[in-house]
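Below, each chain spelled out in residue letters.
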Amino acid sequence: MNNLRDKPAGVTDAMYVILGASGNTGSIIADSLLSKGRKARVVGRDAGRLQRFVRKGAEAVTATVSDAAALTTAFGGARAAYLMLPPAKSREDQERDSDAIAKAVQESGLPYAVHLSSYGAQVPEGTGPVAGLHSSEQKLNAIGGLNVLHLRAGYFMENNLVAMSMIQGVGVFGNALLPDLKLPMAATRDVGGYAAQRLLELDFSGKQTRELLGERDLSMTEAAAVIARGIGKPGLRYEQFPYDQVRQVLTQMGVPPKAAALYIEMYKSINAGVLIPQEPRSPENTTPTSFEQFVLDVFAPAYHGTAATA
(Lines give C-alpha, C1' and ligand atoms only; values in the text may rest on other atoms or scores of the structure.)
Protein backbone atom coordinates (compact mmCIF):
# COMPACT_ATOMS: atom_id res chain seq x y z
CA MET A 1 0.00 0.00 0.00
CA ASN A 2 3.01 2.31 0.04
CA ASN A 3 2.08 3.76 -3.34
CA LEU A 4 -0.87 5.50 -1.64
CA ARG A 5 1.53 7.43 0.52
CA ASP A 6 3.47 8.56 -2.50
CA LYS A 7 0.57 10.23 -4.33
CA PRO A 8 0.68 14.00 -4.58
CA ALA A 9 -1.49 15.77 -2.03
CA GLY A 10 -3.56 17.53 -4.66
CA VAL A 11 -5.21 14.44 -6.13
CA THR A 12 -8.73 15.63 -6.94
CA ASP A 13 -10.38 12.18 -6.97
CA ALA A 14 -9.06 11.36 -3.50
CA MET A 15 -11.39 9.58 -1.10
CA TYR A 16 -11.92 10.96 2.40
CA VAL A 17 -13.30 8.81 5.21
CA ILE A 18 -15.18 10.40 8.11
CA LEU A 19 -15.79 8.48 11.33
CA GLY A 20 -18.75 9.66 13.40
CA ALA A 21 -20.10 11.39 10.31
CA SER A 22 -23.51 12.14 11.80
CA GLY A 23 -22.04 13.74 14.94
CA ASN A 24 -21.34 17.38 15.76
CA THR A 25 -17.88 17.58 14.20
CA GLY A 26 -18.14 14.77 11.64
CA SER A 27 -21.26 16.20 10.01
CA ILE A 28 -19.54 19.56 9.51
CA ILE A 29 -16.60 17.81 7.85
CA ALA A 30 -18.78 15.63 5.62
CA ASP A 31 -20.89 18.58 4.48
CA SER A 32 -17.78 20.67 3.82
CA LEU A 33 -16.04 18.02 1.73
CA LEU A 34 -19.16 17.15 -0.24
CA SER A 35 -19.94 20.82 -0.92
CA LYS A 36 -16.51 21.10 -2.55
CA GLY A 37 -17.16 18.11 -4.78
CA ARG A 38 -14.84 15.76 -2.90
CA LYS A 39 -15.43 12.03 -2.60
CA ALA A 40 -16.47 11.08 0.91
CA ARG A 41 -17.09 7.79 2.68
CA VAL A 42 -19.16 8.37 5.81
CA VAL A 43 -19.02 5.89 8.68
CA GLY A 44 -21.52 5.59 11.51
CA ARG A 45 -23.56 3.16 13.57
CA ASP A 46 -26.96 4.31 12.28
CA ALA A 47 -27.52 3.87 8.55
CA GLY A 48 -30.54 6.18 8.64
CA ARG A 49 -28.52 9.11 9.98
CA LEU A 50 -26.03 8.70 7.12
CA GLN A 51 -28.64 8.99 4.39
CA ARG A 52 -28.51 12.78 4.16
CA PHE A 53 -24.87 12.49 3.10
CA VAL A 54 -25.67 9.70 0.64
CA ARG A 55 -28.18 12.03 -1.01
CA LYS A 56 -25.28 14.45 -1.55
CA GLY A 57 -23.13 11.77 -3.17
CA ALA A 58 -21.30 10.13 -0.26
CA GLU A 59 -20.68 6.42 0.20
CA ALA A 60 -22.03 5.12 3.50
CA VAL A 61 -20.53 2.44 5.73
CA THR A 62 -22.53 1.24 8.72
CA ALA A 63 -20.05 0.10 11.35
CA THR A 64 -18.91 0.68 14.90
CA VAL A 65 -15.41 1.97 15.56
CA SER A 66 -14.64 -1.22 17.47
CA ASP A 67 -14.92 -3.25 14.23
CA ALA A 68 -11.34 -3.22 12.94
CA ALA A 69 -12.17 -5.32 9.86
CA ALA A 70 -14.97 -2.98 8.75
CA LEU A 71 -12.80 0.08 9.35
CA THR A 72 -9.91 -1.46 7.40
CA THR A 73 -12.26 -1.90 4.45
CA ALA A 74 -13.61 1.64 4.89
CA PHE A 75 -10.09 3.11 4.91
CA GLY A 76 -9.03 1.08 1.87
CA GLY A 77 -7.82 3.30 -0.97
CA ALA A 78 -8.54 6.49 0.99
CA ARG A 79 -6.23 9.48 0.92
CA ALA A 80 -7.18 10.77 4.36
CA ALA A 81 -9.56 10.13 7.24
CA TYR A 82 -11.11 11.91 10.19
CA LEU A 83 -10.67 9.73 13.26
CA MET A 84 -12.52 10.02 16.55
CA LEU A 85 -13.61 7.93 19.50
CA PRO A 86 -17.30 7.84 20.44
CA PRO A 87 -18.37 9.29 23.80
CA ALA A 88 -16.65 7.28 26.52
CA LYS A 89 -18.66 4.61 28.31
CA SER A 90 -15.57 3.24 30.07
CA ARG A 91 -11.80 3.31 29.72
CA GLU A 92 -12.00 -0.32 28.56
CA ASP A 93 -14.30 0.68 25.73
CA GLN A 94 -11.99 3.55 24.80
CA GLU A 95 -8.99 1.18 24.59
CA ARG A 96 -10.93 -1.31 22.50
CA ASP A 97 -12.06 1.40 20.09
CA SER A 98 -8.64 3.05 19.74
CA ASP A 99 -7.03 -0.38 19.24
CA ALA A 100 -9.44 -1.11 16.39
CA ILE A 101 -8.92 2.29 14.74
CA ALA A 102 -5.13 2.03 14.94
CA LYS A 103 -5.17 -1.53 13.57
CA ALA A 104 -7.37 -0.46 10.65
CA VAL A 105 -5.15 2.55 9.88
CA GLN A 106 -2.07 0.32 9.95
CA GLU A 107 -3.52 -2.48 7.82
CA SER A 108 -5.15 -0.19 5.24
CA GLY A 109 -2.02 1.89 4.70
CA LEU A 110 -3.94 5.12 5.27
CA PRO A 111 -1.52 7.97 4.54
CA TYR A 112 -3.16 10.94 6.33
CA ALA A 113 -5.42 11.34 9.35
CA VAL A 114 -6.88 14.15 11.40
CA HIS A 115 -7.64 12.82 14.89
CA LEU A 116 -10.06 14.46 17.32
CA SER A 117 -8.37 14.65 20.70
CA SER A 118 -8.67 17.07 23.62
CA TYR A 119 -6.71 19.76 25.35
CA GLY A 120 -4.90 18.07 28.23
CA ALA A 121 -4.23 14.89 26.22
CA GLN A 122 -0.55 15.28 27.02
CA VAL A 123 -1.39 13.88 30.49
CA PRO A 124 -1.34 10.05 30.44
CA GLU A 125 -3.76 9.27 33.27
CA GLY A 126 -6.14 10.67 35.86
CA THR A 127 -8.08 12.88 33.44
CA GLY A 128 -11.14 10.73 32.78
CA PRO A 129 -12.03 10.29 29.10
CA VAL A 130 -9.12 12.54 28.08
CA ALA A 131 -6.69 9.82 29.21
CA GLY A 132 -8.26 7.58 26.58
CA LEU A 133 -7.46 10.21 23.95
CA HIS A 134 -3.85 10.32 25.16
CA SER A 135 -3.71 6.56 24.59
CA SER A 136 -5.32 6.91 21.16
CA GLU A 137 -2.76 9.56 20.17
CA GLN A 138 0.09 7.28 21.24
CA LYS A 139 -1.23 4.35 19.20
CA LEU A 140 -1.53 6.46 16.06
CA ASN A 141 1.91 7.99 16.64
CA ALA A 142 3.39 4.48 16.63
CA ILE A 143 2.24 3.82 13.05
CA GLY A 144 5.14 4.31 10.66
CA GLY A 145 4.39 6.31 7.53
CA LEU A 146 1.16 7.78 8.88
CA ASN A 147 0.90 11.56 8.81
CA VAL A 148 -1.44 12.46 11.67
CA LEU A 149 -2.66 15.75 13.11
CA HIS A 150 -4.14 15.49 16.61
CA LEU A 151 -6.69 18.25 17.21
CA ARG A 152 -6.67 18.96 20.94
CA ALA A 153 -9.99 20.74 21.20
CA GLY A 154 -11.09 22.85 24.13
CA TYR A 155 -14.01 22.09 26.44
CA PHE A 156 -16.94 21.85 24.05
CA MET A 157 -19.54 24.58 24.42
CA GLU A 158 -22.12 21.88 23.69
CA ASN A 159 -21.26 20.20 27.01
CA ASN A 160 -23.31 22.95 28.66
CA LEU A 161 -26.47 21.70 26.94
CA VAL A 162 -26.78 18.92 29.54
CA ALA A 163 -27.71 21.58 32.11
CA MET A 164 -30.77 22.65 30.12
CA SER A 165 -33.26 20.41 31.91
CA MET A 166 -31.84 21.58 35.25
CA ILE A 167 -32.34 25.23 34.27
CA GLN A 168 -35.86 24.51 33.07
CA GLY A 169 -36.73 22.42 36.13
CA VAL A 170 -35.13 24.17 39.09
CA GLY A 171 -33.76 27.40 37.66
CA VAL A 172 -30.13 26.57 38.41
CA PHE A 173 -27.11 26.03 36.13
CA GLY A 174 -24.96 23.55 38.01
CA ASN A 175 -21.86 21.45 37.47
CA ALA A 176 -18.84 20.16 39.39
CA LEU A 177 -16.44 22.72 37.93
CA LEU A 178 -15.11 25.59 40.03
CA PRO A 179 -17.15 28.76 39.45
CA ASP A 180 -14.30 31.10 38.53
CA LEU A 181 -11.82 28.76 36.84
CA LYS A 182 -11.34 29.87 33.23
CA LEU A 183 -11.63 27.17 30.56
CA PRO A 184 -10.92 27.21 26.83
CA MET A 185 -14.45 26.65 25.44
CA ALA A 186 -14.75 25.74 21.76
CA ALA A 187 -17.76 25.29 19.48
CA THR A 188 -17.88 21.90 17.78
CA ARG A 189 -18.68 23.56 14.45
CA ASP A 190 -15.35 25.40 14.58
CA VAL A 191 -13.48 22.18 15.34
CA GLY A 192 -15.23 20.44 12.46
CA GLY A 193 -14.53 23.35 10.13
CA TYR A 194 -10.85 23.39 11.06
CA ALA A 195 -10.57 19.61 10.59
CA ALA A 196 -12.19 19.85 7.16
CA GLN A 197 -9.74 22.56 6.12
CA ARG A 198 -6.74 20.51 7.17
CA LEU A 199 -8.09 17.41 5.42
CA LEU A 200 -8.48 19.39 2.21
CA GLU A 201 -5.03 20.94 2.43
CA LEU A 202 -3.11 17.97 3.90
CA ASP A 203 -0.47 20.48 4.95
CA PHE A 204 0.90 18.43 7.84
CA SER A 205 3.41 15.60 8.02
CA GLY A 206 4.70 13.21 10.63
CA LYS A 207 3.00 13.40 14.01
CA GLN A 208 1.65 16.84 14.95
CA THR A 209 -0.74 18.38 17.47
CA ARG A 210 -2.80 21.56 17.33
CA GLU A 211 -4.86 22.91 20.17
CA LEU A 212 -8.15 24.63 19.35
CA LEU A 213 -8.97 26.83 22.30
CA GLY A 214 -12.18 28.57 21.32
CA GLU A 215 -12.74 32.31 20.97
CA ARG A 216 -11.66 33.03 24.56
CA ASP A 217 -11.39 31.39 27.98
CA LEU A 218 -14.53 31.51 30.11
CA SER A 219 -15.43 30.58 33.67
CA MET A 220 -18.66 28.77 34.43
CA THR A 221 -19.89 31.91 36.22
CA GLU A 222 -19.29 33.91 33.04
CA ALA A 223 -20.90 31.22 30.88
CA ALA A 224 -23.98 31.23 33.11
CA ALA A 225 -24.30 35.01 32.72
CA VAL A 226 -24.19 34.69 28.92
CA ILE A 227 -26.78 31.91 29.00
CA ALA A 228 -28.98 33.97 31.36
CA ARG A 229 -29.04 36.88 28.91
CA GLY A 230 -29.52 34.61 25.92
CA ILE A 231 -32.56 32.76 27.28
CA GLY A 232 -34.12 35.73 29.05
CA LYS A 233 -33.60 34.50 32.63
CA PRO A 234 -31.60 37.30 34.26
CA GLY A 235 -31.69 35.63 37.67
CA LEU A 236 -29.89 32.48 36.49
CA ARG A 237 -26.68 31.77 38.40
CA TYR A 238 -24.01 29.08 38.30
CA GLU A 239 -23.75 26.75 41.27
CA GLN A 240 -20.92 24.29 41.89
CA PHE A 241 -22.26 20.93 43.06
CA PRO A 242 -20.36 18.26 45.03
CA TYR A 243 -18.81 15.53 42.89
CA ASP A 244 -21.05 12.78 44.32
CA GLN A 245 -24.15 14.80 43.54
CA VAL A 246 -23.06 15.37 39.93
CA ARG A 247 -22.26 11.67 39.55
CA GLN A 248 -25.76 10.84 40.79
CA VAL A 249 -27.37 13.30 38.40
CA LEU A 250 -25.41 11.86 35.47
CA THR A 251 -26.49 8.30 36.23
CA GLN A 252 -30.10 9.46 36.63
CA MET A 253 -29.79 10.94 33.14
CA GLY A 254 -28.84 7.51 31.82
CA VAL A 255 -25.06 7.88 31.75
CA PRO A 256 -23.48 4.47 32.55
CA PRO A 257 -21.87 4.42 36.02
CA LYS A 258 -18.34 3.88 34.63
CA ALA A 259 -18.79 6.81 32.27
CA ALA A 260 -20.11 9.02 35.06
CA ALA A 261 -17.03 8.16 37.13
CA LEU A 262 -14.82 9.13 34.18
CA TYR A 263 -16.46 12.53 33.88
CA ILE A 264 -16.05 13.15 37.62
CA GLU A 265 -12.36 12.30 37.26
CA MET A 266 -12.15 14.79 34.38
CA TYR A 267 -13.84 17.54 36.43
CA LYS A 268 -11.43 16.89 39.30
CA SER A 269 -8.43 17.12 36.96
CA ILE A 270 -9.72 20.41 35.50
CA ASN A 271 -10.34 21.88 38.94
CA ALA A 272 -6.88 20.78 40.12
CA GLY A 273 -5.16 22.44 37.16
CA VAL A 274 -3.95 19.12 35.76
CA LEU A 275 -6.01 19.23 32.56
CA ILE A 276 -4.78 22.43 30.91
CA PRO A 277 -3.66 23.59 27.47
CA GLN A 278 0.02 23.50 26.53
CA GLU A 279 0.00 26.17 23.83
CA PRO A 280 -0.20 29.90 24.59
CA ARG A 281 -3.31 31.38 22.98
CA SER A 282 -2.56 32.54 19.43
CA PRO A 283 -4.39 33.39 16.20
CA GLU A 284 -3.69 29.82 15.05
CA ASN A 285 -5.39 28.10 17.98
CA THR A 286 -8.19 30.65 18.56
CA THR A 287 -11.46 29.75 16.85
CA PRO A 288 -14.14 32.23 15.73
CA THR A 289 -17.41 31.33 17.46
CA SER A 290 -17.95 33.26 20.70
CA PHE A 291 -19.96 31.77 23.55
CA GLU A 292 -22.51 34.53 22.97
CA GLN A 293 -22.94 33.36 19.37
CA PHE A 294 -23.21 29.73 20.49
CA VAL A 295 -25.98 30.63 22.94
CA LEU A 296 -27.80 32.61 20.24
CA ASP A 297 -27.47 29.91 17.57
CA VAL A 298 -27.64 26.69 19.58
CA PHE A 299 -28.44 26.96 23.29
CA ALA A 300 -31.36 29.42 23.21
CA PRO A 301 -33.20 27.70 20.30
CA ALA A 302 -32.80 24.32 22.03
CA TYR A 303 -33.94 25.81 25.36
CA HIS A 304 -37.03 27.37 23.78
CA GLY A 305 -37.77 24.28 21.69
CA THR A 306 -37.14 25.96 18.35
CA ALA A 307 -33.91 24.20 17.37
CA ALA A 308 -33.73 23.22 13.71
CA THR A 309 -33.48 19.49 13.03
CA ALA A 310 -31.21 18.04 10.36
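Figured I'd write up the structure that's included with this text. (Residues numbered from 1 in each chain as written. Predicted model: local features only at pLDDT ≥ 70, side-chain atom pairs only at ≥ 80, totals over all residues. Heavy atoms only, no water.)

A tally of regular secondary structure across the protein chain gives 12 helices and 12 strands. Against the globule reference of 19 Å for 310 residues, the protein chain gives a C-alpha radius of gyration of 19 Å, in line with a compact fold. Taken over the C-alpha atoms alone, the protein chain extends approximately 60 × 40 × 35 Å along its principal axes. When each of the 310 residues of the protein chain is scored for burial, the buried share is 52%. In the protein chain, 78% of the contacts between residues at least 6 apart in sequence involve partners at least 24 apart. (Helix = DSSP H or I, 4+ residues; strand = E, 2+ residues; numbered from the N terminus. Rg over C-alpha atoms; globule rule 2.2 N^0.38 Å. Buried < 20%, exposed > 50% of the residue type's maximum accessible area, 1.4 Å probe, protein only. Contact = heavy atoms within 4.5 Å.)

Formed by 58 residues in total, the largest nonpolar core has its most connected members in Ile 18, Leu 19, Phe 75, Tyr 82, Leu 83 and Val 105. Looking at this core element by element, the count peaks at six residues for helix H8 (residues 188–201). Not counting residues within four places of it along the chain, the set of residues in contact with Tyr 82 comprises Val 17, Ile 18, Leu 19, Thr 25, Gly 26, Ile 29, Val 114, Leu 116, Ala 195 and Leu 199. Judged by nonpolar contacts, the second largest core, of 41 residues, contains Ala 163, Ala 228, Phe 294 and Ala 300. (Core = buried A, V, L, I, M, F, W, Y, C linked by side-chain atoms within 4.5 Å.)

The sheet built from seven strands is open, its strands ordered S3-S2-S1-S4-S5-S6-S10 with parallel pairing. Of all the strands in the sheet, just strand S3 (59–62) and strand S10 (207–212) have a single pairing partner and so form its edges. If you compare each strand with its neighbour and ignore which way they point, the axes differ by 20° on average. In the packing of helix H2 (residues 24–35) onto the sheet, the strands contacted are strand S1 (15–19), strand S2 (39–44), strand S4 (80–83) and strand S5 (112–118), and the crossing angle to S1 comes to about 160°. Along the sheet face, helix H4 (residues 68–75) touches S1, S2, S3 and S4 and points at about 170° away from the line of S2. (Pairing = 2+ DSSP bridges. Axes fitted to C-alpha atoms, helices over the stretch in contact; angles between N-to-C directions.)

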